[in-house]
Amino acid sequence: MAVKLDSSSRVSMSNRDRANKWSANKPFKYLCAACCALVLALMVGLFVKLIANSTLSMRKLGLGFLTSAEWDPVMGKFGALSSIYGTLVSTAIALIIAVPMSIVIALFLVELAPKRLSSFFGTSIELLAAIPSIIYGMWGLFIFGPFMAEYIEPFLHRYFGFLPIFQGTPMPVGMLTAGVILALMVLPFTSSVMRDVLLMVPPVLKESAYGLGATTWEVTKDVSIRYGIRGIVGAVFLGLGRAIGETMAVTFVIGNEHKISASLFAPANSIASTLANEFTEADTSLYLSALVELGLILFLITAIFQAVAQTWLRYVVRGGRP
Amino acid sequence: MKAKLARAFIILIAFATVLTAIGCGRQPVRPPSERKGVVINGAGATFPYPIYAKWANRYYELTGVRINYQSIGSGGGVQQIKAGTVDFGASDAPLTAKELDQFGLIQFPMVMGGVVPVVNIKGIKAGDLRLSPETLAGIYLGKITKWNDPALKRDNPGLSLPAKSITVVHRADGSGTTWIFTNYLDKISKEWHTRVGFGKAVNWPVGIGGKGNEGVSAYVQRVDGAIGYVEYAYALQNRMSHAKLKNKSGNYVDPSAASFQAAAAGADWKNAPGYYVVLTDQPGKDSWPITGASYIIIHKKQNNLTKAKAMLGFFDWSYRHGGEMAKALNYVPMPKSVVDLVEMRWKQELKANGKAIWP
């Protein structure tokens, strides 16, 4: 529906444009370009500023900043490794939980649920996305964290304790709790985007597949998901973007320790949580500069993920679709 | 850096405008009523925020002088006063005399309070647990890991302690509370001094970090076997179980306004350059060992006489009439001898256009 409307209006616009030379098109085009340029300028400005303000720590700490996990403001020793590790691992946990779940949710809403139920659930998922992250953080700290320590973590420890990641004492705050909270925060975004993607699959494609005798499972797997793969991957990266930079909720539940532990129960930290905790009281210039460099690293990590996503998408679209 | 300069520039312009408006500040002493409408901006420590806010509110009702205090943290307060973007900064950690001179600043203690170790052990009530300095340091160094450790048993004969693991909780954000707490550990433990040191944020040997007093207290209240440290007022409001501490004179004391005051009584404010006095581990049989003062930092050279007078007027009023309000919020007001000393210093050192501001 939406696609049709769009194309017809574009056609009428261009006809009118051809009819009389003068139109609002030119100024509008420049306006759009200016807005785009503003975004670019902001990004470049931010990047330049991050580099400029972190030169002190780059000069003093060098590459050691990336390979050391020691963080000692008193002695002026700073290492980003534990923060980088925490950011990547907590995001990975979040996506491992959230992506399969949101695909399933989206499929249920689009393919299986009765229409009325589907719209009700769809709205409630979108409402979830509107909850501010501090609420997730407080809820995680007061209710969900203790629940994890009392039930989930002992369970994992008992049955999967042979894995190093599930060893150690269960704790209400730590990497696993942070990852799960992040998953819950990411879920509404990814699943509502995936739902929209699956809704855009042309009914005629699905109907013809059914006509050929395909089962619901086969239609879902080979038609819907295949058709929407681009959007689904896009949704995953939207979730990744949200998880990787999430600050408040993570700060409350990750435990805030500058350490790398094999166990997911142990307290850890992320780049965003370190910044949230330490920026206000960073009292030496090297300290402040090290924190800015952490911000720069987060910026670069996001950029790398973005680039990888784009490349992969191009590959998938070219090679994946029948 | 540039942002700071820009901010300083804007403030400068604002100052200049105000100065021109009132005739370059060469005005006769104005009675308090004429200060009505003056706005003073301050920023810094979160620890004294409740009492500063209360004083400011009452002072506004009395005089019409508005004090805006933003509790952005001690570090932020120090940076902002150095950059000149606020009229006064506030910090729980005093600046050294050298740093003060470098930026032409003066600091003075405004109010005092204490930091209290809080525990959550099933069956142990507030004040039941006693901790000697060695034991507290041992716990925070990660050497004492069980509540039934011999060291704890030695401190607490007759108290049955469980064989539970100790979960150490500390502040994750940089904070004046941490500065005071680690300063104490630094003084009483050689190993802490060499391994960790003290500061608003340190490299903690063990434990989990909570954001703010509320983060620490949430962890302590939810983990059985946890120990943490919070500001006294916070421990009281949340009915947390504090531990008794052994002070320098060898007595186990409870935290209270009286024991904070006892710790402050012996302090030699007079001979401390820049009032760099740290009230941890003070002598005296009733002294609470982890006591600290919160400081106000202002520029020695003020640009605006009216504003400077209004600001000092507020501090003076708070010193002399704000004591009861402070006590009601579990802070300890500065003793009169210290107030007189501070105001003497104002008289000698604070100038606006070469003229003394106070009184």
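Residues numbered from 1 in each chain as written. Chains lettered and ligands numbered in written order. Predicted model: local features only at pLDDT ≥ 70, side-chain atom pairs only at ≥ 80, totals over all residues. Heavy atoms only, no water.

Can you walk me through the overall build of chain A in this structure?
A tally of helices and strands in chain A yields 13 helices and two strands. When the backbone C-alpha atoms are referred to their principal axes, chain A occupies close to 70 × 55 × 35 Å. Burial statistics for chain A: of 322 residues in total, 41% are counted as buried. Sequence separation of at least 24 residues holds for 73% of the intrachain contacts in chain A that already meet a minimum separation of 6. When the accessible surface of chain A is split by element, carbon and sulfur atoms take 72% of a total near 17600 Å². The positive charge centre, built from 24 side chains, and the negative charge centre, built from 18, are 15 Å apart in chain A. (Helix = DSSP H or I, 4+ residues; strand = E, 2+ residues; numbered from the N terminus. Buried < 20%, exposed > 50% of the residue type's maximum accessible area, 1.4 Å probe, protein only. Contact = heavy atoms within 4.5 Å. Areas by Shrake-Rupley, 256 points an atom, 1.4 Å probe, with all protein chains shown as cover. Lys, Arg positive; Asp, Glu negative; His and termini not counted. Charge placed at Lys NZ, Arg CZ, Asp CG, Glu CD.)

Help me out: how do you make sense of the interface of chain B and chain A in this one?
With 34 residues of chain B in contact, the opposing surface of chain A contributes 31 residues. A combined buried area of about 2300 Å² lies between chain B and chain A, and 54% of that area is made up of carbon and sulfur atoms. For the chain B face of the interface with chain A, the top three residues by lost area are Asn203, Lys211 and Arg222 of chain B, together amounting to 23%. Counting the contacts that link chain B with chain A gives zero salt bridges. There are nine residue pairs in polar contact (both at pLDDT 80 or more) connecting chain B and chain A. Mapped onto the side of chain B that touches chain A, the elements with two or more residues apiece are helix H3 (74-83), strand S6 (167-171), helix H8 (190-195), strand S7 (208-210) and helix H9 (212-222) of chain B. Looking at which element gives the most residues to the side of chain B that touches chain A, the answer is H3 of chain B, with four residues. Considering only residue class, the side of chain B that touches chain A consists of 13 nonpolar, 15 polar and six charged. (Buried area = accessible area lost by both parts, 1.4 Å probe. Salt bridge = Lys/Arg side-chain N within 4 Å of Asp/Glu carboxyl O. Polar contact = N/O pair within 3.5 Å; in protein donor to acceptor, adjacent residues only side chain to side chain. Nonpolar A, V, L, I, M, F, W, Y, C, P; charged D, E, K, R; others polar.)

Please explain unusual backbone geometry as it appears in this structure.
Glycine aside, residues mostly have negative phi angles, and peptide bonds mostly take the trans form. Phi at asparagine 256 of chain A takes a positive value of approximately 55°, unusual for a residue other than glycine. Here the phi dihedral of arginine 239 of chain B falls at roughly 50°; this positive angle occurs in a residue that is not glycine.

What should I look at first to understand the pattern of salt bridges in this one?
The final tally for this structure, using the stated rule, is 22 salt bridges over all chains. Across the pair arginine 195 of chain A and glutamate 126 of chain A runs a salt bridge whose closest N-O atoms are separated by 2.9 Å. With arginine 195 of chain A in helix H7 (residues 175-199) and glutamate 126 of chain A in helix H5 (residues 115-128), the pair connects residues that are 69 residues apart, well separated along the chain. Note that glutamate 99 of chain B and lysine 82 of chain B form a salt bridge whose closest N and O atoms lie 2.8 Å from each other. Taken together, the positions of glutamate 99 of chain B in helix H4 (residues 97-103) and lysine 82 of chain B in helix H3 put the pair 17 residues apart, joining distant regions of the chain. Among the residues examined, lysine 82 of chain B registers a relative accessible area of 24% and is labelled partly exposed. Salt bridges sharing partners connect three or more residues here, namely Asp316, Arg320, Lys336, Asp340 and Glu343 of chain B.

What should I look at first to understand a nonpolar patch on the surface in this one?
A surface patch of nonpolar side chains, amounting to about 500 Å² of accessible area, comprises Ile134, Ile135, Met138, Trp139, Phe142 and Ile143 of chain A. For isoleucine 134 of chain A, the position within the fold is in helix H6 (residues 133-160). (Patch = residues over 30% accessible without salt bridge, like charges linked within 9 Å, V, L, I, M, F, W, Y side chains within 5 Å.)

What is the right way to look at the packing of helix H12 (residues 305-321) of chain B against helix H14 (residues 336-349) of chain B in this model?
All names here are of chain B. Viewed as axis vectors pointing N to C, H12 and H14 meet at an angle of 165°, and their least axial separation amounts to 10 Å. Considering the angle they form, H12 stands roughly antiparallel to H14. Once H12 is placed against H14, the crossing between them reads as left-handed. Along the contact surface, H12 presents Leu312, Phe315, Asp316, Tyr319 and Arg320, while H14 presents Lys336, Val339, Asp340, Val342, Glu343 and Trp346. Split by residue class, the contact of H12 with H14 holds six nonpolar, no polar and five charged. (Axes fitted to C-alpha atoms, helices over the stretch in contact; angles between N-to-C directions. Parallel < 35°, antiparallel > 145°, perpendicular 65-115°, else oblique. Left-handed = near helix turned anticlockwise from the far one by under 90°.)

Would you take a moment to explain the sheet that holds strand S5 (residues 130-131) of chain B for this structure?
Sheets are built from strands paired through backbone hydrogen bonds, the pairs being either parallel or antiparallel. On the basis of which strands lie adjacent, the open sheet formed by three strands has the order S5-S10-S11 (chain B) and mixed pairing. Looking at which strands have only one partner, the edges of the open sheet turn out to be S5 and strand S11 (252-253) of chain B. (Pairing = 2+ DSSP bridges.)

Mind showing me how you'd approach the domain arrangement of chain B here?
By a widely used convention, the size of an interface equals the accessible area lost when the partners come together. Residue and element names in this part refer to chain B. Assigned domains within chain B: domain 1 (2-113 + 291-356) and domain 2 (116-265). Residue-level contacts link 14 residues of domain 1 with 14 residues of domain 2. Taking both partners together, domain 1 and domain 2 bury about 1300 Å²; carbon and sulfur atoms supply 70% of that area. Three residues stand out in domain 1 for area buried against domain 2, namely Thr291, Asn330 and Val332, and they jointly supply 37% of the buried area on that side. Of all the secondary-structure elements, those providing two or more residues to the side of domain 1 that touches domain 2 are H3, strand S4 (105-120), strand S12 (291-299) and strand S14 (332-333). (Domains from an automatic or database assignment.)

Which parts of the structure should I look at to understand the sheet that holds strand S16 (residues 355-356) of chain B?
Pairing within the open sheet is mixed, and its three strands lie in the order S13-S15-S16 (chain B). Since the sheet does not close on itself, it has two edges, and those belong to strand S13 (301-302) and S16 of chain B, each with one partner.

Is there a simple way to explain the packing of aromatic side chains in this structure?
Each aromatic ring pair is characterised by the separation of its centres together with the angle its planes make. Residue and element names in this part refer to chain B. Using the criterion set out here, one finds 33 aromatic pairs over all chains in the structure. Arranged with centres 6.1 Å apart and planes meeting at 10°, the rings of tyrosine 69 and phenylalanine 88 form a pair that is stacked. Of this pair, tyrosine 69 sits in strand S2 (residues 66-70) while phenylalanine 88 sits in strand S3 (residues 88-91), and the two are 19 residues apart along the sequence. Take tyrosine 69 and phenylalanine 88: they sit in the same class, and that class is buried. Between tyrosine 140 and phenylalanine 181, the ring centres sit 5.0 Å apart and the planes meet at 70°, which makes this aromatic pair edge-to-face. Here tyrosine 140 is found in helix H5 (residues 133-141), whereas its partner phenylalanine 181 is found in helix H7 (residues 176-188), with 41 residues between them in sequence. Each member of the pair tyrosine 140 and phenylalanine 181 is classed as buried. (Phe/Tyr/Trp six-rings, centres within 6.5 Å; stacked < 30°, edge-to-face > 60°.)

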